[in-house]
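Reading the structure
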Amino acid sequence: GENVEQHPSTLSVQEGDSAVIKCTYSDSASNYFPWYKQELGKRPQLIIDIRSNVGEKKDQRIAVTLNKTAKHFSLHITETQPEDSAVYFCAAVIFFSGGYNKLIFGAGTRLAVHP
Amino acid sequence: KAGVTQTPRYLIKTRGQQVTLSCSPISGHRSVSWYQQTPGQGLQFLFEYFSETQRNKGNFPGRFSGRQFSNSRSEMNVSTLELGDSALYLCASSLAGNLGKDTGELFFGEGSRLTVL
C-alpha cells in the first residue's frame, strides 16, 4: 500500500549546525508535501509545505526540496537552535476532486539540538 | 478564531471500560480526523469524518469508533479498553471538502491523553 518513509528516526546536532530530514513517498499521485513540528507536550503544527509544481521553498532558516521523479522530499534546517528540538513529521497528500484528501504521515524524526 | 478543542485533556480508565473523547473543530471546518500517538510512535490514523460521514478509516480494531454531528463536532469511542490503548489521541480539522478553500493544512487540537490501568 501507499506509505511514506522518513529518515533518520533520531537526529542529534550541535547548535549552529544544519539538520536534514528525508522522506520518500510511494504514490506518484501525491501533490502536496507538508512538514509538521511537534514540540514536547504540544500539538503538531505546520511549519512549511511544498506543492508538486515547485522544486524548492524557503522560509528563513528552513527549506524544503522536492524531487518528483525520485519521489523524495527533504527538510533542511540551517543554523539550528535549541528551540528547533522537536519531532518533525513529513506527509504526502493527494487532493482528489470532490474535496477529499488522502494524507499519509512519515514515522517522525526526533531532532535534538545541543547547546 | 478559536482553535481545535479536545475534551477531556486527561483521563484515567481501567481495562474493560469504555471511553468517549470529544473534538470541536475550527469554525467552518467540516473535515475532522483522529490520530493515535503512543510514546515514541508516530501519528497513527484512526478515521476521518466529513459531513457526518466516515470517509476513511485506518487499521484499528472495531473497538475504535467515531461519529460526527451536524455542527461538525466529532466524538470517538473506544470500548473494552486494553492497556495498549494508553496514548495521546489527537484530533485535527481542515478545510478539506470546502471547495476552493482547502490548503491541505491540518489544524490539531492539544489532544486527550488516555491512561489505561
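Described in the following lines is the structure provided in the data block. Each chain carries its own residue numbering, running from 1 in the written order of its sequence. Key to labels: chains lettered from A, ligands numbered from 1, both in the order written. For a predicted model such as this one, the threshold for reporting local features is a pLDDT of at least 70, and the threshold for listing and counting side-chain atom pairs is 80 or more; totals across whole chains, interfaces and linings nevertheless cover every residue. Water and hydrogen atoms were dropped before computing side-chain values, which therefore reflect all heavy atoms in the structure.

A short note on the overall build of chain A
Short version of the rule: Working definition: helices are DSSP H or I runs of at least four residues, strands are E runs of at least two. Numbering for both runs from the N terminus. For every residue, the accessible area obtained with a 1.4 Å probe (protein chains only) is divided by the maximum for its type, and the residue is called buried under 20%, exposed over 50%, and partly exposed between those limits. By definition in these notes, contact holds between two residues if any of their heavy atoms fall within 4.5 Å. Note on areas: Shrake-Rupley, 1.4 Å probe, and residue coverage restricted to the protein chains presented here. Charge assignment: positive for Lys and Arg, negative for Asp and Glu; neither His nor the chain ends contribute. Here the site of a charge means NZ on Lys, CZ on Arg, CG on Asp, or CD on Glu.
Of regular secondary structure, chain A possesses 0 helices and 11 strands. Viewed in the frame of its principal axes, chain A has a C-alpha envelope of about 45 × 30 × 20 Å. Considering chain A as a whole, with its 115 residues, one finds that 43% of them fall into the buried category. In chain A, of all internal contacts separated by at least 6 residues, the share reaching a separation of at least 24 is 54%. Surface summary for chain A: the accessible area is close to 5700 Å², and the carbon and sulfur share equals 48%. Here chain A holds 12 positive side-chain charges and 12 negative ones, and the gap between their average locations is 6 Å.

Quick look at the overall build of chain B
Looking only at helices and strands, chain B features 0 helices and 11 strands. Moving toward the C terminus, one meets the helices and strands of chain B in the order β-β-β-β-β-β-β-β-β-β-β. Each principal axis of the C-alpha atoms in chain B carries an extent, and together these give about 45 × 25 × 25 Å. Residue burial in chain B is summarised as follows: out of 117 residues, 49% are buried. When contacts within chain B are restricted to residue pairs at least 6 apart in sequence, long-range pairs at least 24 apart make up 55% of them. Split by element, the accessible area of chain B, about 5500 Å² in all, is 49% carbon and sulfur.

A look at the environment of A:Tyr32
So the rule is basically this: In protein, a polar contact requires one atom able to donate a hydrogen and another able to accept it; more generally it is a pair of N or O atoms within 3.5 Å, and residues adjacent in sequence count only if both atoms are side-chain atoms.
Within the fold, A:Tyr32 resides in strand 4 (residues 32-38). Once the C-alpha coordinates of A:Tyr32 and A:Phe95 are considered, the two residues, 63 residues apart in sequence, prove to be 7.9 Å apart. Not counting chain neighbours up to four residues away, the residues in contact with A:Tyr32 comprise A:Leu46, A:Asp49, A:Ile50, A:Arg51, A:Ala91, A:Ala92, A:Val93, A:Phe95, B:Thr103, B:Gly104 and B:Glu105. At 2.8 Å, the side chain of A:Tyr32 and the side chain of A:Asp49 are in polar contact.

As for the interface of chain A and chain B
Short version of the rule: Accessible area, probed at 1.4 Å, shrinks when two parts are joined; the buried area is that loss added up over both. Salt bridges are defined by distance alone: a side-chain nitrogen of Lys or Arg within 4 Å of a carboxyl oxygen of Asp or Glu.
Each partner contributes residues to the interface: chain A has 17 residues there, and chain B has 21 residues. In total, about 1700 Å² of surface goes out of reach between chain A and chain B, with carbon and sulfur atoms giving 51% of it. When the buried surface of chain A facing chain B is broken down by residue, A:Arg43, A:Tyr100 and A:Phe105 rank first, second and third, together holding 32% of it. Inspection of the chain A/chain B interface yields 1 salt bridge. A salt bridge links B:Glu110 to A:Arg43, with the shortest nitrogen-to-oxygen separation between them at 2.8 Å. There are 5 residue pairs in polar contact (both at pLDDT 80 or more) connecting chain A and chain B.

Some points on the sheet that holds strand 7 (residues 64-68) of chain B
Residues and elements named next belong to chain B. Put simply, the rule is: One requirement defines pairing of two strands: DSSP has to find at least two bridges between them. In this analysis an axis means a line fitted to C-alpha atoms, helices contributing only their contacting stretch, and an angle means the value between N-to-C directions, from 0 to 180 degrees.
Strand order in the open sheet formed by 4 strands is 1-3-8-7, with antiparallel pairing between adjacent strands. A strand with exactly one partner marks an edge of an open sheet, and here the two such strands are strand 1 (5-7) and strand 7. Within this sheet the neighbouring strands show an average axis-to-axis angle of 15°, counted without direction. Here strand 1 pairs with strand 3 (residues 19-24) via 3 bridges, running antiparallel. By the bridge assignment, Gln 6 is partnered in strand 3 with Cys 23.

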